[in-house]
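# Coordinates in review
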Amino acid sequence: MITLDRITEADDPLLLWAAQDMRTGARAWAHGDAAAVACRDVSRRDRLALRGSPDDVAELLRRIRPQVLDLNPVADAALIDALVARLDGFAPVARFGWMDTTGPAPAPPATPAPPHWLSEAEIPEVSALLKAEHPGSWAKPGYSGVRRWAGLRDAGGTLLAVGAEAWSVPEIGFVAGVATRASARGRGLGRALCAFLTAELIRDRSRVALLVDNANVAAIRTYRKLGFRLRPLAAARFS
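Before going into details, it helps to say that this report is about the structure given with it. Note that the structure is predicted; figures quoted are calculated from it, not measured. (Residues numbered from 1 in each chain as written. Predicted model: local features only at pLDDT ≥ 70, side-chain atom pairs only at ≥ 80, totals over all residues. Heavy atoms only, no water.)

### Some words on the pairing of strand β11 (residues 207–213)
Most of β11 is tucked away: five of the seven residues are buried. Here three bridges tie strand β10 (residues 172–180) to β11, and the two strands are oriented parallel to one another. Counted as the bridge partner of Gly173 is Val208 from β11. The β-α-β motif built from β10, the intervening helix α5 (residues 189–201) and the parallel element β11 has right-handed crossover chirality. (Buried < 20%, exposed > 50% of the residue type's maximum accessible area, 1.4 Å probe, protein only. Helix = DSSP H or I, 4+ residues; strand = E, 2+ residues; numbered from the N terminus. Pairing = 2+ DSSP bridges. Right-handed = clockwise from strand over helix to strand, strands pointing away.)

### Here's the deal with the pairing of strand β6 (residues 90–101)
Alignment of β6 against strand β12 (residues 229–238), held across 10 bridges, turns out to be antiparallel. Its bridge partner being in β12, Pro92 is matched across the sheet by Ala236. For β6 and β11, the ladder comprises six bridges, and the chain directions are antiparallel. For Gly97, the partnering residue across the bridge sits in β11 and is Val212.

### Section: the environment of Pro73
Tracing the backbone through its elements, the reader meets Pro73 in strand β5 (residues 72–76). C-alpha of Pro73 to C-alpha of Phe90: the two residues are 17 residues apart in sequence and 9.4 Å apart in space. Ignoring sequence-local partners within four residues, the contact set of Pro73 consists of Leu48, Leu50, Phe90, Ala234, Ala235, Ala236, Arg237 and Phe238. (Contact = heavy atoms within 4.5 Å.)

Laid out in C-alpha cells, this is it:
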C-alpha cells in the first residue's frame, strides 16, 4: 500500500471530485489497482471514494479501515455489492447516480428570460424557492462548498428555476440544487437552466458532473438530453 499526494486528471472522475483538489485534510491511498480518497464535507458527506478490482479494494480497505471507519464509502454500485460479499461489517445504505458530460450542452429551449448568475441580493429568493419546492436539496445558500447560484425568471420577474455550482474542482464543474417552481414545470425551464450551468462550468474544465436520485426519472431524462451519461453508484457504511 502507498499513500498518494494527488489524484491526476486521468484517474476516475469520482475520485478526482471527491479529493476536492486534495484540500487540507484530504487523504488518498493505493494498493494494486485499487485507490481510495477520503475527504470530509463533500456534498454534505464525509466521503471515501473507491475504485479498482473488488479484491484489491477489499484489501486496501482492510489496511486503512481504522482511519476511515467514520467515513461514507461510495463507488460504482457493482463494486459496493462485491465488497459487501468480501468484508465483514460493510453494508450498503443507498443507491444513486453520478452523471457527467465532457461536451457542451445542446442549445436549450427558448425561455421568457435567459438564465443568469444571481446576485447576492437575489439569494433570499433562492432559499424561498427551495423551501417550497425542494426542501431536501443537498445544496442551499450558505452551505459549505456552495459557490454561486443561477436562476431563470419569467417575464414578470418571478424566479422560476434555480441551480448551483457547488463542490467543483479545477477539472470538474459540479451542479447541485436544481429546482423548478411546481407551477412552471413541463416547460423546459429546468433543462434550459442546466444547459446554462453546463455551458458555464465546462469552460476551462474537462467535464461537468452531478449526483441524481435513481427515482428522479424526469431529471435523469433531462440530463441525458443535455449529453450527460449515467453511472450507477452506491454508498455503504462500516459497522
